[in-house]
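Fold and contact review
One letter stands for each residue in the lines below.
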Amino acid sequence: MYKSNVMLAVVVGWSLLAVESRAQETNAYPPAPATRLEAMETNTGTIIIKGTAPVGSVSVNAGSVSVTCKEDTDVSAGHKEYGIAITVSVAKQFDDRTIVDYDELDSLLNAVDYLSKIDWTATSLASFNASYTTKGGFRIAAFSSKRASVIEFSIRGGHMGKGILLEQNHLAQFRGLIDQARRKLDSIRTDK
């Protein structure tokens, strides 16, 4: 009798362990804002002024990338945040807009400079992928394969699974747009 009770307890115990249970959901929807500009734009109970100024765009085979200056103002707090919006358009069918805070612009420019000069000495292996990602998820990358004997560049918005390819001259044009946007933001930040 004792053996059958122990055996019954073991079978019940194992069956309870095999029952599927739901874990606590930890992913918030919508996700928390990644940048200060995005966070300011979610403020409620206050007036938010969103100023923008287009800087320019670079056309590539598969689409285009454009840069826009941003200045957001919380009227009640008298607080301003600055940055840029980078919009990646794929064949005029899909637009992905990623926000980059002002304090990330120098780092992004340095990353573009580094990636534009990368060569085969980056690794002793047959191929490489070097990338830089902003807080908002904008990603710029250089990648290669020694078998193809070419280094390529790509950019991807924060909500895109796959990016668009850039040539070296497109990368230089894109860098120019970011630098122009930073200089524009510098001028309005010092005017205040």
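Predicted model only: the values in this text are computed from it and were never measured.

Let us now look at the environment of V100. Structurally, V100 can be placed in strand β4 (residues 94-101). Taking the C-alpha atoms as reference, V100 lies 7.3 Å from K135; in sequence the two are 35 residues apart. Those residues in contact with V100, other than ones at most four positions away along the chain, are L37, G83, I84, I86, L105 and T134.

Quick look at the pattern of salt bridges now. Counting across every chain of the model gives eleven salt bridges. For the salt bridge of K70 with D72, the shortest nitrogen-to-oxygen distance reads 3.6 Å. Here K70 matches D72 in class, with each residue buried. The salt bridge involving R175 is made with D113; its shortest N-O contact spans 2.5 Å. Of this pair, R175 sits in helix α4 (residues 168-191) while D113 sits in helix α3 (residues 105-117), and the two are 62 residues apart along the sequence. Given a relative accessible area of 25%, R175 falls into the partly exposed group. For D113, a relative accessible area of 23% gives the class partly exposed.

There is a patch of nonpolar side chains on the surface, built from I47, I49 and V75 and spanning about 280 Å² of accessible area. For I49, the position within the fold is in strand β1 (residues 48-60). Given the relative accessible area of 47%, I49 is considered partly exposed.

Reading across the sheet, the four strands line up as β1-β2-β3-β4 and stay open at both edges, with antiparallel pairing between neighbours. The sheet terminates laterally at β1 and β4, the two strands that pair on one side only. Across the sheet, the mean angle separating the axes of adjacent strands is 20° when strand polarity is ignored.

Our next topic: the environment of V60. Summarising the element assignment, V60 is placed in strand β1. With a relative accessible area of 10%, V60 lands in the buried category. Discounting chain neighbours no more than four positions away, the residues touching V60 are I164, L165, L166 and H170.

The rules we used
- Residues numbered from 1 in each chain as written.
- Predicted model: local features only at pLDDT ≥ 70, side-chain atom pairs only at ≥ 80, totals over all residues.
- Heavy atoms only, no water.
- Helix = DSSP H or I, 4+ residues; strand = E, 2+ residues; numbered from the N terminus.
- Contact = heavy atoms within 4.5 Å.
- Salt bridge = Lys/Arg side-chain N within 4 Å of Asp/Glu carboxyl O.
- Buried < 20%, exposed > 50% of the residue type's maximum accessible area, 1.4 Å probe, protein only.
- Patch = residues over 30% accessible without salt bridge, like charges linked within 9 Å, V, L, I, M, F, W, Y side chains within 5 Å.
- Areas by Shrake-Rupley, 256 points an atom, 1.4 Å probe, with all protein chains shown as cover.
- Pairing = 2+ DSSP bridges.
- Axes fitted to C-alpha atoms, helices over the stretch in contact; angles between N-to-C directions.

Functional significance is not addressed by these values, which are geometric in nature.
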